[in-house]
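Working through the structure, step by step
For reference, the chains in residue letters:
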Amino acid sequence: MTATPTTPVRLTPEDIENPVGAYAAFREQSELPRVVLPGLDTPVRLVTRYADVKAALTEPRLVRDRSTNAAPAAAGSDAGPDADPAAGSASDPQEELLAAAFEGFPADYAKYLAGHLALFDGEEHARRRAPLTRAFTARRIAALRGFVERTAAELLADLAAKDEPADLLGEFAYPLTTYVVCELVGVEEADRARVCEWIRDFAYGDGSRTVDGLVGIVDYVKELIARRRAEPTEDLISALVHDTREGEEPLDEDDLVTVVFLLINTGITPPALFLAHGLLALFDHPDQLARLRAEPQLLERAVPELLRHVTLVRIGATLYAAEDFEFAGTALRAGDPVTVALLAADHDPQEYGEAPERLDIAREFGRGDGHLAFGHGAHYCLGAALGRLVTSVVLDQVVIRRPDAALGVGREELEFGHWPADGFHLLRLPVRL
């Protein structure tokens, strides 16, 4: 599958989630391919090589906030005068995604969803991120281990008592990540059941109560902020409210509510889906599963390898050329949209050798993460350390301590769904415990 100078390649969800497939052909092209992501209309330049993805994520001329940093290019401008006008009819791929995400939300509440750190650059990004970076201390994350272990064990014990396979996505991974976020933020014990219900309705319910969940969370967080201003504790909200450095503009209430939604949006559904897909990867590779059970000391290597192998966020946020320049052999014009394929990068044979699609829980990485599942550069995932901690606990408790745990249905019976600009994700993961 190749792109021509005039016609963008329309990718399918199957293309997006296939670590080899179209990505292998794209890597061989001298220029970045022009593609249209599934469910969208605007073509983008797709970066697939590991080295190029790392470079894109630290390139100052590729920015995230198009409104203030990059003048919009004409639709299809990077493809020449014969570009397919239909393929470039929409103004912005990021706008398409945001419009779909915010549809139906009251404006007074939807504004809290628009403050995602991935959409800001430079000083504004640094201003919003700095308090969170300080709040995500190694001590605070390490202190959560006991809570994660107890919560995971309790959830699994209840599920194992049933005489039927448990859904380790809906009945385990989602509740676990929700409880962890509530603990991190500082949701009080008496409020936890109610707040977790709102989070479920908003983040991963059937969609019928999404707005109710949004409104409930916002109103509660405003109450919690007021409590922590008066009586701080050891939670993240207290740290954000009270830890303002000299010369630093404190976060106002809207900023603080937005931070909580950042944690909900990035700290619940993506980690829960990763846990389910990581477990499925082990079930799909029985030799690696058996080796991990026989050599549990390999858990430390298995975690980064599963993060690399799965790379749950397959496609990164849209970047825009802030000026005319050449990148990865491609002439970009100011405003041209560029997107990084993180899954493709994490399966680049130039970086990982032959058969990078093979899961190898004993794989040795060099310095750093050894993968781009958490991104790279200024926008590196704030919750990476917490994600590694939760993953190690889950792998230990589900597959090492439960040597008989196995898929509860045939592989072909698993159900998947997909979102715009993405591949397929599990809807359920039935497992016999």
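Data block above holds the structure.
The sections below set out a description of the structure shown in this document. (Residues numbered from 1 in each chain as written. Predicted model: local features only at pLDDT ≥ 70, side-chain atom pairs only at ≥ 80, totals over all residues. Heavy atoms only, no water.)

Let's talk about the nonpolar core
Condition: Within this scheme, the nonpolar core is defined by two criteria: the residues are buried Ala, Val, Leu, Ile, Met, Phe, Trp, Tyr or Cys, and they are joined through side-chain atoms within 4.5 Å. Only protein chains enter the area calculation, which uses a 1.4 Å probe; residues under 20% of their type maximum are buried, those over 50% are exposed, and those in between are partly exposed. Put simply, DSSP marks the helices as runs of H or I at least four residues long and the strands as runs of E at least two long, and each gets a number from the N terminus on.
The biggest cluster of nonpolar side chains holds 98 residues, and the ones touching the most others in it are Leu168, Phe172 and Leu429. Considering every element that reaches this core, the biggest residue donor is helix H10 (residues 168-185), with 11 residues. Counting 18 residues, the second-largest nonpolar core is a separate cluster that includes Val53, Phe325, Leu332 and Val340.

What about empty space enclosed by the protein?
Here is the rule we go by: A pocket, in this scheme, is an open set of points on a 1 Å grid over the protein atoms alone with protein on both sides within 12 Å along at least 5 of 7 lines, while a cavity is a set where a 1.4 Å probe fits but cannot get out; residues line either one if an atom lies within 4 Å of a point. Grid points are joined across faces, edges and corners, and a volume is the space filled by probe spheres set on the points. Classification convention: Asp, Glu, Lys, Arg as charged; Ala, Val, Leu, Ile, Met, Phe, Trp, Tyr, Cys, Pro as nonpolar; all other residues, Gly among them, as polar.
Taken as a whole, this structure holds 4 cavities of 30 Å³ or more when the rule is applied. Approximately 60 Å³ is the volume found for the second largest cavity. Forming the boundary of the second largest cavity are Val181, Cys182, Val185, Val187, Val195, Ile199, Ile217, Tyr220, Val221, Val260 and Ile264. Listing elements by their share of the lining of the second largest cavity, those giving two or more residues are H10, helix H11 (189-203), helix H12 (210-230) and helix H14 (253-267). Taken together, the residues of the lining of the second largest cavity break down into 11 nonpolar, no polar and no charged.

A closer look at the pattern of salt bridges
Where charged atoms of side chains with opposite charge meet at close range, the side chains can pair. As a reminder, the rule being used: Between Lys or Arg on one side and Asp or Glu on the other, a salt bridge is scored when a side-chain nitrogen of the former is within 4 Å of a carboxyl oxygen of the latter.
Counting across every chain of the model gives 28 salt bridges. In this structure, Arg49 engages Asp52 in a salt bridge whose closest nitrogen and oxygen atoms are separated by 2.8 Å. For Arg49, a relative accessible area of 21% puts it in the partly exposed group. Arg227 is the salt-bridge partner of Asp191, the closest N and O atoms lying 3.1 Å from each other.

Some words on unusual backbone geometry
Phi at Thr311 takes a positive value of approximately 40 degrees, unusual for a residue other than glycine. Looking at the secondary structure, you find Thr311 in the loop between helix H17 (299-310) and strand S6 (319-321). The phi torsion at Ala421 lies on the positive side, around 65 degrees, for a residue other than glycine. Along the chain, the position of Ala421 falls in the loop between strand S11 (416-418) and strand S12 (424-426). On the accessibility criterion, Ala421 (8% relative accessible area) is buried.

Remarks on the sheet that holds strand S10 (residues 406-407)
Formally: Strand pairing follows a simple DSSP-based rule, namely that at least 2 bridges must link the two strands.
Spatial ordering of the open sheet is given by S5-S13-S10, a layout of 3 strands whose pairing is antiparallel. Sheet topology places strand S5 (166-167) and S10 at the edges, where each strand pairs with a single neighbour. As paired strands, S10 and strand S13 (residues 430-432) are joined by 2 bridges and run antiparallel to one another. Note on S13: the bridge partner recorded for Ala406 is Arg432.

Focus: the packing of aromatic side chains
Put simply, the rule is: Paired rings are identified among Phe, Tyr and Trp, the last through its six-membered ring, by centres lying within 6.5 Å, and are further divided according to the angle between planes into stacked (under 30 degrees), edge-to-face (over 60) and tilted (the rest). Our definition puts a charge over a ring when NZ of Lys or CZ of Arg is within 6 Å of the ring centre and also within 35 degrees of the ring normal.
Taken as a whole and assessed by the stated rule, the structure comprises 4 aromatic pairs. Relative to Tyr204, the ring of Tyr174 lies with its centre 4.0 Å away and its plane at 0 degrees, an arrangement referred to as stacked. Here Tyr174, found in helix H10, pairs with Tyr204, found in the loop between H11 and H12; they are 30 residues apart in sequence, far enough to count as distant. In terms of burial, Tyr174 and Tyr204 fall into one category: buried. Between Phe374 and Tyr380 the ring centres are 6.2 Å apart and the planes differ by 75 degrees, which places this aromatic pair in the edge-to-face class. Using a relative accessible area of 24% as the deciding quantity, one classes Tyr380 as partly exposed. Sitting over the ring of Tyr352, Arg308 keeps its end group 5.0 Å from the ring centre.

A few points about helix H16 (residues 286-294)
Our working definition: To be clear, the arc concerns the directions from the helix axis to the C-beta atoms.
Within the sequence span of H16, burial applies to Gln288, Leu289 and Leu292. Seen along its axis, H16 keeps its buried residues to an arc of 100 degrees; they face one direction. Turned more than 90 degrees away from the buried face of H16, the exposed residues are Pro286 and Ala294.

Looking at H11
Filter applied, for reference: Expected helix span is computed as 1.5 Å times (number of residues minus one). Contacts: residue pairs with any heavy atoms within 4.5 Å of one another.
The terminal C-alpha atoms of H11, which comprises 15 residues, lie 20 Å apart, in line with the 21 Å expected from a rise of 1.5 Å per residue. Of the residues making up H11, those classed as buried are Asp191, Arg192, Val195, Cys196, Trp198, Ile199, Asp201 and Phe202. The inward-facing, buried residues of H11 contact helix H9 (145-160), H10, H12 and H14.

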